[in-house]
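Structural overview
As a plain string of letters, each chain reads:
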Amino acid sequence: MNRRGFLAIFFLLYVSTHADTITAYCACNKCCGHWSKTGTTSAGTKPAAGRTAAGPRHIPLGTVVFIAGVGVRTVEDRTARRYDGRWEIYFNSHQSAKAFGKRELKVYVLQQPSQSRKISRP
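Residues numbered from 1 in each chain as written. Predicted model: local features only at pLDDT ≥ 70, side-chain atom pairs only at ≥ 80, totals over all residues. Heavy atoms only, no water.

1. A word on the overall build of the chain
Definition in use: Starting at the N terminus, helices and strands are each numbered in turn, a helix being any DSSP run of H or I of at least four residues and a strand any DSSP run of E of at least two. A simple rule labels every residue: compare its accessible area, found with a 1.4 Å probe on the protein chains alone, to the largest value its type can have, and call it buried under 20%, exposed over 50%, or partly exposed in between. Note on definitions: a residue-residue contact is assigned when non-hydrogen atoms from the two residues lie within 4.5 Å. Computed with the Shrake-Rupley method and a 1.4 Å probe, the accessible areas treat only the protein chains shown as cover for residues.
Looking only at helices and strands, one finds 3 helices and 7 strands in the chain. Going from the N terminus to the C terminus, the chain shows its helices and strands as α-β-α-β-β-β-β-α-β-β. For the chain, buried positions account for 39% of its 122 residues. Within the chain, residue pairs in contact and separated by at least 24 positions form 67% of the contacts whose partners lie at least 6 positions apart. Surface summary for the chain: the accessible area is close to 7,500 Å², and the carbon and sulfur share equals 53%.

Below, the structure written as structure tokens:
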């Protein structure tokens, strides 16, 4: 089954009842603080716009999610502890991240990683 067919079936089976808080970040010092020096995500990957999301701590790294109005992202990073219930979308520039701002959007979990291919922290 192709990705579009999977998404169509998934949306028929799953109805979200609430919206989650979605914010944006980049790799700059303002967004990431002292973690900006590492240049890697919590999963040990290099973040990429259009792919990387930071998720709450109860969501396993490597989980694929669909964020309404944003698209499909992979959880490769973590939000700051004080924002643990939120989601963050990675952008290449601080200006783009600021332009995205803070939004209330629905998040659908499409695929959680299997134990054998789970992304783990080095």
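Now, onward.
2. Quick word on the pairing of strand β2 (residues 52–55)
Formally: By definition, two strands form a pair when at least two bridges between them are found by DSSP.
Burial of the side chains of β2 extends over both faces: Thr-52 and Ala-54 are buried on one face and Ala-53 and Gly-55 on the other. Pairing of β2 with strand β4 (residues 71–78) involves 4 bridges; the strand directions are parallel. When the bridges of β4 are listed, Gly-55 appears paired with Arg-78. Here β2 runs beside strand β5 (residues 87–90); their pairing, made up of 2 bridges, is antiparallel. Following the sheet pairing, Ala-54 is matched in β5 by Glu-88.

3. Comments concerning the pattern of salt bridges
Inclusion rule: A carboxyl oxygen of Asp or Glu within 4 Å of a side-chain nitrogen of Lys or Arg is what we treat as a salt bridge.
In total, this model carries 1 salt bridge according to the counting rule given. Across the salt bridge formed by Arg-51 and Glu-76, the nearest N and O atoms sit 2.9 Å from each other. Here Arg-51 is found in the loop between α2 (29–32) and β2, whereas its partner Glu-76 is found in strand β4, with 25 residues between them in sequence. Take Arg-51: its relative accessible area is 34%, and that puts it in the partly exposed class.

4. Thoughts on the side chain of Asp-77
Quick reminder of the rule: Here a polar contact means two N or O atoms within 3.5 Å. Within protein one must be a hydrogen donor candidate and the other an acceptor candidate, and residues neighboring in sequence count only if both atoms are side-chain atoms.
With respect to the element layout, Asp-77 can be found in strand β4. A residue is classified by how much of its surface remains accessible, and Asp-77, at 13% relative accessible area, is buried. Among the polar contacts listed, one links the side chain of Asp-77 to the side chain of Ser-42, at a separation of 2.9 Å. Residue contacts for Asp-77: discarding those within four places in its chain leaves Tyr-25, Thr-41, Ser-42, Ala-53, Ala-54, Gly-55 and Leu-61.

5. Quick notes on the environment of Ile-67
Inspection of the secondary structure puts Ile-67 in strand β3 (residues 64–67). Exposure remark for Ile-67: the relative accessible area of 0% places this residue in the buried category. It is 4.6 Å that separates the C-alpha atoms of Ile-67 and Val-107, two residues lying 40 residues apart in sequence. Beyond its immediate chain neighbours, meaning those up to four positions away, Ile-67 contacts Ile-22, Arg-73, Ile-89, Leu-105, Lys-106 and Val-107.

6. As for the sheet that holds β3
The criterion, for reference: Interaxial angle, 0 to 180 degrees, is taken between N-to-C directions of lines fitted to C-alpha atoms, where a helix line uses only the stretch in contact.
Taken in spatial order, the 7 strands make up an open sheet running β6-β1-β5-β2-β4-β3-β7, and their pairing is mixed. Looking at strand neighbours, the two that pair on one side only are β6 (103–105) and β7 (107–111), the edges of this open sheet. Between one strand and the next, the sheet's axes are offset by a mean angle of 40°, whatever the strand orientation.

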